[in-house]
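Descriptive structure summary
So you can see what is in the structure, the chains are spelled out below.
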Amino acid sequence: MDKADATNKTSRKSEREEDSFSDDDVAVHSVRFKRKKIDGAGGAGGGGEGQGTVGGASANGTVAAAATGKGSGLYLDTIRRYMLDFDFEKVCSVSLSNLNVYACLVCGKYFQGRGTTSHAYFHSLHENHHVYINLNTLKVYVLPDSYEVPDSSLDDIKYVLDPRFTHTQVKALDKNSSQSFDLNRKPYIPGFIGLNNIKANDYVNVVVQVLAHIPHIRDYFMLQKFDNKSELVKRFGTLVRKIWNPSAFKGQVSPHELLQEISNASNRQFKLTEQSDPLAFLSWFLNTLHKDLGGTRKKDSSIIYTAFQGEVSIETQPIDPKAVKGADLAFNSDDAITKTKSPFLFLALELPPPPLFHDELEKNIIPQIPLTTILSKYDGKTLQESVADLKKFQITRLPNYIILHIKRFSKNSFAKEKNPTIVTFPIKNLSMAEFVADPEREKVLGLHYDLLANITHEGDPSTPNSTSYKVHVQHRAKEQWYQIQDLFVEEINAQMIFLSESYIQVWERKTPN
């Protein structure tokens, strides 16, 4: 016996042990089921010998149904689609094991195994629920007889559990403006559906919505198979496909499975129960996905680096301790300047300090600043003071998608403070020419960007449980912007977007004609 066979046998043995019941229990349940079958034969449906009946097939009827894949003996009319929710972690509701889990298609509960000593088997006897789907293989079985049901009428359930798209379908996503309808005939727009805020996970929801609308990322995770990748990669890919599912049972999705894996993979740095910073989460998430997809330090070594990685040059010189305080900042021509290049996934932008108001009337004035003004940090001319150094920054390679982090928050000795300054920006054609070291070289790939997503912050960060995050994303086919906050999805005028307190923005590079 080789090592693999030994491992498989050990695994099967452990599964049997987890699902085991006493011999007395098995005997009792078997007697109950036999009585149901006898009572059901010739009952509703008028079935005689060899004909299936609803609620309890005869022995001959069961065999016939299994052989033909048809007939009421399959219990397909007992399936209740409105009870099904495949967004939660796939573990047995009794043993909490994630091995060999089935969903009852009558009540929606998860149970382990389908053998004669399994939790699913006894649920079928206790509750008279007979149709189950394996959450991994997507095969459907009738219990307790344990025969497979190869029926095409179940394809919609399999698709909701694990939506799959062709290249043609993915290519058409941004051209399709039609609505879909859920089981309750409520309309929804694929790609623009709400995500449940289970406790305090709105900071995850906005990041997921952004990534699900970035074509490079969305298309990759919708089309690739991740059989040999991490659970985090698999669950994120599944969630992206569910967000764009045109045949959903509900016009909303729960990110519960992904959240559980995020908590595990981050060693509980990011939890369902505590709100965190979406920038900190986005940074961790992108770097973890990059690593789990086999990415290295090399350029374009994963879809994450291909989409987001750019490069910036940094010139650094220590501040002269003899320099006069308050004097204009400048490099000293007599001292050495250190030059380095560094890859980036984000560009951090500092806001100027908000003005100090002296009367009540002035407090109603909201300070504003153009995005291009705070982007001047990267023009290669503007000096930045950093502790004991002076620095100059300039972009040497633009990414396909620029992530901008507008630094709103600071901490003092007592509390976290937020800068309320409004950043104004164009929705389309943001030029990066003056922030690039070699505009002519970058011009070939494109120097202009359109806004793709905008994450905003609301509330007072110093007050617990008073803050929230929203995201703005555009429906390309309709050229309509939407504001999404957890389960709430609503249209928003493009001219209203910059009035929010932008925190994270994603800009998409425009390809020159």
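The structure reproduced in this document is the subject of the present report. Source: prediction; values computed, not measured. (Residues numbered from 1 in each chain as written. Predicted model: local features only at pLDDT ≥ 70, side-chain atom pairs only at ≥ 80, totals over all residues. Heavy atoms only, no water.)

Focus on the overall build of the protein chain
Assigned secondary structure in the protein chain consists of 14 helices and 25 strands. Taking the intrachain contacts of the protein chain between residues at least 6 apart in sequence as the baseline, contacts between residues at least 24 apart amount to 65%. Here the protein chain has roughly 26000 Å² of accessible surface; of this, 50% comes from carbon and sulfur atoms. (Helix = DSSP H or I, 4+ residues; strand = E, 2+ residues; numbered from the N terminus. Contact = heavy atoms within 4.5 Å. Areas by Shrake-Rupley, 256 points an atom, 1.4 Å probe, with all protein chains shown as cover.)

So, the nonpolar core
If you look at the biggest cluster of nonpolar residues, it comprises 63 residues, and the most contacted ones within it are Leu211, Ile217 and Phe308. If we ignore the near neighbours within four places in the chain, the residues touching Leu211 are Ile217, Arg218, Phe236, Leu282, Phe285, Leu286 and Phe308. Of all hydrophobic cores here, the second largest spans 31 residues; its members include Phe344, Leu375, Ile395 and Ile427. (Core = buried A, V, L, I, M, F, W, Y, C linked by side-chain atoms within 4.5 Å. Buried < 20%, exposed > 50% of the residue type's maximum accessible area, 1.4 Å probe, protein only.)

Thoughts on unusual backbone geometry
A cis amide bond, omega 10°, links Leu143 with the succeeding residue Pro144. By the element assignment, Pro144 lies in the loop between β4 (140-142) and β5 (147-148).

Things to note about the layout of surface pockets
If you add up the space inside the largest pocket, you get close to 850 Å³. Lining the largest pocket we find 23 residues, and of these Lys90, Leu135, Asn136, Glu231 and Lys234 sit closest to its centre. Top element by residues in the lining of the largest pocket is helix α9 (residues 231-243). It accounts for five residues. For the lining of the largest pocket, the per-class residue count stands at six nonpolar, six polar and 11 charged. Size it by volume and the second largest pocket reaches roughly 510 Å³. Lining the second largest pocket are 29 residues, and of these Leu173, Asp174, Arg218, Trp244 and Arg476 lie nearest its centre. Breaking the lining of the second largest pocket down by element, the ones donating at least two residues are β21 (448-458), β22 (468-475) and β25 (502-509). (1 Å grid on protein atoms, 1.4 Å probe; cavity = no way out; pocket = protein on both sides within 12 Å on 5 of 7 lines; lining within 4 Å. Points joined across faces, edges and corners; volume = space filled by probe spheres on them. Nonpolar A, V, L, I, M, F, W, Y, C, P; charged D, E, K, R; others polar.)

What about the pattern of salt bridges?
Tallied over the full model, the rule gives 23 salt bridges. With its nearest N and O atoms 3.6 Å apart, the salt bridge here joins Glu274 to Lys271. A relative accessible area of 23% places Lys271 in the partly exposed class. In this structure, Glu508 and Arg476 form a salt bridge, with 3.0 Å as the shortest nitrogen-oxygen distance. Here Glu508, found in strand β25, pairs with Arg476, found in the loop between β22 and β23 (480-485); they are 32 residues apart in sequence, far enough to count as distant. You can call Glu508 buried: its relative accessible area is 17%. Several salt bridges converge on common partners, so that one network encompasses Asp174, Arg218, Asp219, Arg476 and Glu508. (Salt bridge = Lys/Arg side-chain N within 4 Å of Asp/Glu carboxyl O.)

Overview of the pairing of strand β3 (residues 131-134)
Of the two faces of β3, the one carrying Val131 and Ile133 and the one carrying Tyr132 and Asn134 are both buried. Sheet topology note: the strand β1 (residues 101-104)/β3 ladder contains three bridges and is antiparallel. By the bridge assignment, Cys104 is partnered in β3 with Tyr132. Connecting β3 to the next strand, β4, in antiparallel fashion are five residues, including Leu138 with a positive phi near 65°. (Pairing = 2+ DSSP bridges.)

Digging into the sheet that holds β4
The strand order β2-β1-β3-β4-β5 describes an open sheet built from five strands, whose pairing is antiparallel. At either margin of the open sheet sits one strand with a lone partner, and together these are β2 (110-112) and β5. Relative to β2, β1 is paired through three bridges, and the arrangement is antiparallel. In the sheet register, Tyr102 faces β2, and the bridge partner there is Phe111.

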